[in-house]
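Coordinate analysis (summary)
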Amino acid sequence: MRTRRTALVAPVLLTALATAFSACAPVEDDEPEAATDSSSADAGAETDPATCAADAPLVQAGRLTVGTDSPAYEPWFVDNDPTNGEGYESAVAYAVAEELGFSEDEVSWVTVPFNSSYAPGKKKFDFDINQVSITPARERVVDFSEGYYRAAQAVITLEDSPLAGLSTLEELAGHKLGAQTGTTSLTAIREVVQPAEDPLVFEDTNAAKQALKNGQVEAILADLPTAFYISAVEIEGSTIIGQFQPETGEQEEFGMLFEKGNPLRDCVDAALANLREDGTLADIEQQWLSDTVSVPTLD
């Protein structure tokens, strides 16, 4: 099943076909009730991912089943098609699959609503990749891989807004903010920014973006790569005024999500370690997530 890693092929982020997408990552939750915890050994540095995966139970024998939401948004996926290998998370998923010994045609994708992915219980995927932030509450009922992307929250407003000159979270707290439901963007507003006025909560990021255009909110929050795409491609005349870490100043990370106790998690950790060591993860991030804009940190 193992094949040589193919070259990444895709347009740069800002020339990608604009499509509606959501900032479903960093996520708030109606956090699930705690289930019986189970620990697993860390994937050793010398673990061979393919050998490990050969012994792991799979949803479909001989195939790797990967879950993500629909629509699948840019810059994480391109053209709402996880199977094309384009976009940051699609490229990461296929790179991990190759490390595990699966060729591209041995990877299947299934649709998993974001808020359902981290609910306790049986899963129809081997792992899910959908900008899911690793949080202690989620780790009580599902397992996560090591982080594959370090996330920050970003604040998007219109260029002619009074918020455009703000530099602190304290200043931001005096304004009307909004974010998608179920996201840690919303949690970050409530717990970190702590605005004087309750934030507006939207079903998806398309609704949040429209509210910003209509003046219903003065700013919306999203993860930084999503914010780049919104400001550069989707909302003309918008800008990112700053970024911050949403949880007690610690680095927030996205992880691949597994059914609790799934031994494949350790195999994926070994795969990610290889991809990090040989520079593949950095190359994918450079290709698909814009890191050319200097965004100030909001204190």
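Description of the structure in this document. Fair warning: this is a prediction, and the values are worked out from it, not measured in the lab.

With respect to the nonpolar core
Counting 38 residues, the largest nonpolar core has Tyr88, Val96, Leu100 and Met256 as its most contacted members. When residues of this core are traced back to their parent elements, those giving at least two are strand 1 (64–68), helix 2 (88–99), strand 2 (107–111), strand 5 (149–151), helix 9 (264–277) and helix 10 (280–288). With eight residues, the top contributor of residues to this core is helix 2. Leu169, Leu172, Ile189 and Phe244 belong to the second-largest nonpolar core, a separate cluster that totals 17 residues.

Quick notes on the state of the cysteines
Tallying each qualifying case throughout the model produces one disulfide. A sulfur-sulfur separation of 2.0 Å characterises the disulfide bridge that pairs cysteine 52 with cysteine 267. With the S-S dihedral at roughly -70°, the linkage between cysteine 52 and cysteine 267 falls on the left-handed side. Within this pair, whereas cysteine 52 is found in helix 1 (residues 49–54), its partner cysteine 267 is found in helix 9, the two being separated by 215 residues in sequence.

Points about the environment of glutamate 98
On the secondary structure map, glutamate 98 appears in helix 2. Residue classification places glutamate 98 among the buried positions, given a relative accessible area of 10%. Between the C-alpha atom of glutamate 98 and that of proline 49, which follows or precedes it by 49 residues, the distance is 9.3 Å.

Focus: the packing of aromatic side chains
All told, the structure shown has eleven aromatic pairs when counted by the stated rule. With a centroid separation of 6.0 Å and 55° between ring planes, the pair formed by phenylalanine 127 and phenylalanine 258 is classed as tilted. Of this pair, phenylalanine 127 sits in strand 3 (residues 127–128) while phenylalanine 258 sits in strand 12 (residues 257–259), and the two are 131 residues apart along the sequence. Considered together, phenylalanine 127 and phenylalanine 258 belong to a single accessibility category, that of buried residues. By way of ring pairs, the aromatic residues Trp76, Tyr88, Tyr148, Tyr149 and Phe254 are connected into one cluster. Positioned over the ring face of tyrosine 118 is arginine 138, at 4.3 Å from the centre of the ring.

About the cut-offs
Residues numbered from 1 in each chain as written. Predicted model: local features only at pLDDT ≥ 70, side-chain atom pairs only at ≥ 80, totals over all residues. Heavy atoms only, no water. Core = buried A, V, L, I, M, F, W, Y, C linked by side-chain atoms within 4.5 Å. Buried < 20%, exposed > 50% of the residue type's maximum accessible area, 1.4 Å probe, protein only. Helix = DSSP H or I, 4+ residues; strand = E, 2+ residues; numbered from the N terminus. Disulfide = S-S within 2.5 Å. Phe/Tyr/Trp six-rings, centres within 6.5 Å; stacked < 30°, edge-to-face > 60°. Lys NZ or Arg CZ within 6 Å of the ring centre and 35° of its normal.

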